[in-house]
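# Chain and residue survey
The lines below spell out each chain.
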Amino acid sequence: MGDNTRNMLTASAYVAFFIGALTLALPLIGGISNALDVSYIANAGGDRNIHSGLSETGNYTVNGAVVLHTVFQIGQLHADIEVDGQRLAHTAKPETADVSVIDVHASYRVTYVRDGNGTIILVRYDSVRT
């Protein structure tokens, strides 16, 4: 056999393997699609009257290092931060924020202020005197 014939047989074998793989893959894809449809229908039938909410179990406090870290992550928080009455807008650059009022060794009580949709719009930190 010549090189040309051998190349043609190899190419034909590759095409046959590819068609065989497609033939086997189509039923698997259909089965996965059916399984996803069944799970969607099962989950859609759940109770739609359940509402999540936060209940306070006491005073939630953090140390000043957490407050400082939150200030430096303000761009990702998308909410204003208020520390002992000093407010930082969520659009402020963390590098320019005045963090001199934050005592990293103090404890701060955290209060979350939400809008009508439940989105946090303000995180308020008030120092706790012990």
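So, here is what we can say about the structure in this document. All values reported here derive from a predicted model rather than from experimental measurement.

### Let's talk about the overall build of the chain
When you go through the chain residue by residue, the secondary structure sums to three helices and five strands. Element order for the chain, N to C, with α for helix and β for strand: α-β-α-α-β-β-β-β. Residues counted as buried form 17% of the 130 residues belonging to the chain. For the chain, the exposed surface amounts to about 10000 Å²; the carbon and sulfur share of it is 59%.

### Side note on helix H2 (residues 64-72)
Of all the residues in H2, the buried ones are Gly64, Val67, Thr70 and Val71. The arc that holds every buried residue of H2, seen down its axis, measures 115°, which confines them to one face. Close packing links the buried residues of H2 with strand E1 (61-63), helix H3 (74-77), strand E2 (80-83), strand E3 (86-88), strand E4 (107-114) and strand E5 (120-128).

### With respect to unusual backbone geometry
Located in the positive-phi region is His78, a residue other than glycine, with phi close to 60°. Following the sequence through the fold, His78 ends up in the loop between H3 and E2. Although it is not a glycine, Asp84 adopts a positive phi angle of roughly 45°. With respect to the secondary-structure elements, Asp84 resides in the loop between E2 and E3.

### Observations regarding the sheet that holds E2
Taken in spatial order, the five strands of this open sheet run E1-E4-E5-E2-E3, and their pairing is mixed. With one partner strand each, in any of the chains shown, E1 and E3 form the two edges of the open sheet. Recorded for the sheet is a direction-independent mean angle of 30° between the axes of neighbouring strands. The pairing of E1 with E4 spans three bridges and is antiparallel. Bridge pairing in E4 links Val62 to Tyr108.

About the thresholds
Residues numbered from 1 in each chain as written. Predicted model: local features only at pLDDT ≥ 70, side-chain atom pairs only at ≥ 80, totals over all residues. Heavy atoms only, no water. Helix = DSSP H or I, 4+ residues; strand = E, 2+ residues; numbered from the N terminus. Buried < 20%, exposed > 50% of the residue type's maximum accessible area, 1.4 Å probe, protein only. Areas by Shrake-Rupley, 256 points an atom, 1.4 Å probe, with all protein chains shown as cover. Arc of directions from axis to C-beta. Contact = heavy atoms within 4.5 Å. Pairing = 2+ DSSP bridges. Axes fitted to C-alpha atoms, helices over the stretch in contact; angles between N-to-C directions.

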